[in-house]
Amino acid sequence: LIEDLPGVGKTTLAHVLARSLGLAFHRIQFTSDMLPADILGVSIYERDSGSFKFHPGPIFSQLVLADEVNRATPKTQSALLEAMQERSVTVAGTTFKLDEPFLVLATQNPIEQEGTYPLPEAQVDRFMFKVVVTYPQRSDERAILDLMTGGEPPSAKAVLHPHDVLRARRIVDSVYVDDRIKEYVLDVIT
C-alpha cells in the first residue's frame, strides 16, 4: 500500500514491477461511483445458450494495481478482501480461483484529501506493508520531468518469470524459525 499525492509515479512503478516479474498486469482506477462488479466481473445472461456466462473483471490478473483505492466506497473496497486473502473471487455463488502468483499493489491519497474514504483495518491488514512517500525534492522533480519528456518513457524487461516468483515463495515458506525466536518476536511486539 503506497500513500502519496497524485502524479508522482506510483502507476509507473507498478507497471515496471509487473514487467520485471513477467506478470500479467491490470490497473483498476477506483472512483466514488465504482461498484464491486467493476472489479470482480459479472454474470451476463446469454439468450442463445439460455444460461449465464461469467465475464471476469480486472481482478483476474497476476499483479493488480488498485489505484487510489481510498476513493471508492467501503463496499467496493471490500471486494478486494476475498481476493487478497483467499486468492479467489466469488460471484453469484460461484468461486473462481485467481492465477498464481497473485499480488495487489494499491495506492491511496492522503486521507485529508477531498473525496477519500479511510480503508478499513481488515483491508489494511491484507497488505504486507504501507509506504508513505513524500513529495519529491525540486531536483528530483526536474529529473522526472526530463525523463518523462525526453521521448520514449522508461521501460523494463522481464528479469524473472511467474514460476520464479512462486519458487521464491516456497523457499521463504520453508525457512525454519525456532520457537525461541518466535517467542522473542512476540516479546518485542508486546
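Given the structure is predicted, the values throughout are model-derived calculations rather than measurements. (Residues numbered from 1 in each chain as written. Predicted model: local features only at pLDDT ≥ 70, side-chain atom pairs only at ≥ 80, totals over all residues. Heavy atoms only, no water.)

A. Quick peek at the side chain of aspartate 164. Residue position: aspartate 164 is located in helix α7 (residues 162-173). Looking at aspartate 164, the relative accessible area reads 16%, which means it is buried. Side-chain polar atoms of aspartate 164 contact the side chain of histidine 163, separated by 3.4 Å. Within polar-contact distance, the side chain of aspartate 164 engages the side chain of arginine 167 at 3.1 Å. (Helix = DSSP H or I, 4+ residues; strand = E, 2+ residues; numbered from the N terminus. Buried < 20%, exposed > 50% of the residue type's maximum accessible area, 1.4 Å probe, protein only. Polar contact = N/O pair within 3.5 Å; in protein donor to acceptor, adjacent residues only side chain to side chain.)

B. Highlighting the pattern of salt bridges. Applying the stated rule across the entire model yields eight salt bridges. Note that glutamate 100 is salt-bridged to arginine 169, the shortest N-O span being 2.9 Å. Of this pair, glutamate 100 sits in the loop between β7 (94-97) and β8 (103-108) while arginine 169 sits in helix α7, and the two are 69 residues apart along the sequence. We classify arginine 169 as partly exposed; its relative accessible area is 26%. Aspartate 178 serves as the salt-bridge partner of arginine 180, at 2.9 Å between the closest nitrogen and oxygen. On the basis of relative accessibility, which here comes to 67%, the residue arginine 180 falls in the exposed class. (Salt bridge = Lys/Arg side-chain N within 4 Å of Asp/Glu carboxyl O.)

C. Spotlight on the packing of aromatic side chains. Counted according to the given criterion, the structure contains four aromatic pairs. A centroid spacing of 5.7 Å and a plane angle of 65 degrees characterise the contact between phenylalanine 54 and phenylalanine 60, whose relative ring orientation is edge-to-face. Judged by its relative accessible area of 17%, phenylalanine 54 falls in the buried class. Looking at phenylalanine 60, the relative accessible area reads 22%, which means it is partly exposed. Between phenylalanine 60 and phenylalanine 96, the aromatic rings sit 6.3 Å apart at their centres with planes inclined by 80 degrees, giving edge-to-face as the arrangement. Within this pair, whereas phenylalanine 60 is found in the loop between β4 (51-56) and β5 (63-67), its partner phenylalanine 96 is found in strand β7, the two being separated by 36 residues in sequence. Members of the aromatic cluster, connected to one another through ring pairs, are Phe54, Phe60 and Phe96. (Phe/Tyr/Trp six-rings, centres within 6.5 Å; stacked < 30°, edge-to-face > 60°.)

D. A look at the environment of arginine 170. Structurally, the position occupied by arginine 170 is in helix α7. A relative accessible area of 51% means that arginine 170 is categorised as exposed. Sequence separation between arginine 170 and leucine 21 is 149 residues, and the spatial gap between their C-alpha atoms is 16 Å.

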